[in-house]
Amino acid sequence: MRRYALRAFSLAGALGLWQFLTARDVELWLRFAQFPTVTDVARTFGTRLGTDAYWQDLTDSVTRIVLGFALAAVLGVAAGTAIARSRLVEDLLGPLLEVVRPIPAIALVPVAILLFPSNEQGIVFITCTAAFFPVMVSTRHAVRALSPVWEEAVRTMGGGRARVLVSVLLPGALPGIFGGLSVGIGVSWICVISAEMISGEYGVGYRTWQDYTVVDYPGVLAGMVTIGVLGWLTSTAVESAGRRVTRWLPGREPARPAVTSAAGGRARARRSGPAPVDRPAPAVRGAAVPVPAASSEGKRP
């Protein structure tokens with residue numbers, strides 16, 4: 001509960017500082033006098049929530065993100081695993097991917113316009129390219145970092161390549177894969193918004209750029225808030241899925257309460273070692289020593 005209170009306080013503090021600087025027309029090094037206030041942005045944002053155009057733009061952007069990111073996840077995991085496991089695939093695809101990887105995905109907009117018959121397909125291609133490389137690199141490193149002992153154990157029990165892939169490679173590489181997915185979803189939003197600004201017809205990025213061209217700065221900020229909220233929701237969804245899938249990892253399980261039952265007491269006794277044996281006290285000189293009574297079996301007839 002304290003964490004959520006701190007997060008809410010942080011967000012409220014940032015909004016309060018923004019409102020104070022813009023309402024007071026503070027002119028230091030930054031020119032807050034020309035910046036819209038929080039109330040102006042909230043008013044514009046509330047107005048747009050009641051329009052069909054806003055939800056149409058939202059639906060288009062989310063659809064492009066889902067399609068591009070899903071393709072990037074499948075292709076990135078497959079390519080990263082193949083490159084990490086096969087020298088032939090690494091020699092064939094490795095140099096090509098390493099040459100293309102430094103190129104920003106947004107720089108591929110002219111290529112997408114020339115190759116694809118529609119802007120929609122071109123934007124999905126740019127989104128997929130942006131998320132592909134983080135997923136591929138993370139998967140490649142995660143697969144290579146796995147211990148060969150696990151694979152040898154599966155092969156010893158008669159498992160083939162499919163069993164090794166399903167039981168060892170993919171489960172062991174899941175933390176690295178989801179790390180790449182978390183990075184890829186953020187890069188995807190950057191590129192899809194930029195592509196919509198350049199060549200899109202609909203979408204949040206397209207609408208934000210149109211507001212800028214008509215000098216509607218509250219509308220620009222409302223679009224930026226929409227982009228931030230969408231990015232936060234999708235990133236949280238990916239991270240939540242990663243935590244759910246990797247619950248078996250050490251440190252992910254909640255701490256177990258102390259066992260107070262009789263079985264728990266016996267377990268603690270076994271861990272602490274055998275109980276001390278009571279030994280008779282040493283005889284003291286001059287003290288009377290008790291003599292045991294003779295039994296009937298020991299008497300002679």
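Here the structure is shown first, and the text comes after it.
What you see is a predicted model, and the numbers here were worked out from it, not measured in a lab. (Residues numbered from 1 in each chain as written. Predicted model: local features only at pLDDT ≥ 70, side-chain atom pairs only at ≥ 80, totals over all residues. Heavy atoms only, no water.)

(A) Broad picture of the environment of Ala130. Turning to its location among the elements, Ala130 is positioned in helix α6 (residues 119-144). Relative accessible area serves as the criterion here: at 7%, Ala130 is assigned to the buried category. When the C-alpha positions of Ala130 and Gly68 are compared, they lie 8.8 Å apart, and in sequence the two are 62 residues distant. Residues contacting Ala130, with those up to four places away along its chain left out, are Ala105, Val187, Ser188 and Cys191. (Helix = DSSP H or I, 4+ residues; strand = E, 2+ residues; numbered from the N terminus. Buried < 20%, exposed > 50% of the residue type's maximum accessible area, 1.4 Å probe, protein only. Contact = heavy atoms within 4.5 Å.)

(B) Broad picture of the side chain of Asp211. Mapped onto the elements of the fold, Asp211 is located in helix α9 (residues 204-213). A residue is classified by how much of its surface remains accessible, and Asp211, at 8% relative accessible area, is buried. A polar side-chain atom of Asp211 sits 2.7 Å from a polar atom in the side chain of Arg48. Excluding residues that lie within four positions of it along the chain, Asp211 makes contacts with Arg48, Asp216, Gly219 and Val220. (Polar contact = N/O pair within 3.5 Å; in protein donor to acceptor, adjacent residues only side chain to side chain.)

(C) View of the packing of aromatic side chains. According to the stated counting rule, one finds 6 aromatic pairs in the structure shown. Judged by centre distance (5.1 Å) and plane angle (40 degrees), the rings of Phe116 and Phe125 are tilted. Phe116 gets classed as partly exposed once you look at its relative accessible area, which sits at 27%. (Phe/Tyr/Trp six-rings, centres within 6.5 Å; stacked < 30°, edge-to-face > 60°.)

(D) Broad picture of the packing of helix α7 (residues 148-156) against helix α8 (residues 161-199). Axis separation between α7 and α8 bottoms out at 10 Å; the angle between their running directions is 135 degrees. Overall, the two elements α7 and α8 adopt an arrangement that is oblique. Considering how the two elements wind past one another, α7 and α8 form a crossing that is right-handed. Within the contact between the two elements, α7 uses Trp150, Glu151, Val154 and Arg155 and α8 uses Arg161, Arg163, Val164 and Val168. (Axes fitted to C-alpha atoms, helices over the stretch in contact; angles between N-to-C directions. Parallel < 35°, antiparallel > 145°, perpendicular 65-115°, else oblique. Left-handed = near helix turned anticlockwise from the far one by under 90°.)

(E) Spatial organisation of the pattern of salt bridges. Scanning the entire structure with this criterion turns up 9 salt bridges. We note a salt bridge from Glu90 to Arg144, for which the minimum N-O separation is 3.0 Å. One end of the pair, Glu90, is in helix α4 (residues 87-100); the other, Arg144, is in helix α6, and 54 residues separate them in sequence. A residue is classified by how much of its surface remains accessible, and Arg144, at 42% relative accessible area, is partly exposed. We note a salt bridge from Arg101 to Glu98, for which the minimum N-O separation is 2.9 Å. (Salt bridge = Lys/Arg side-chain N within 4 Å of Asp/Glu carboxyl O.)

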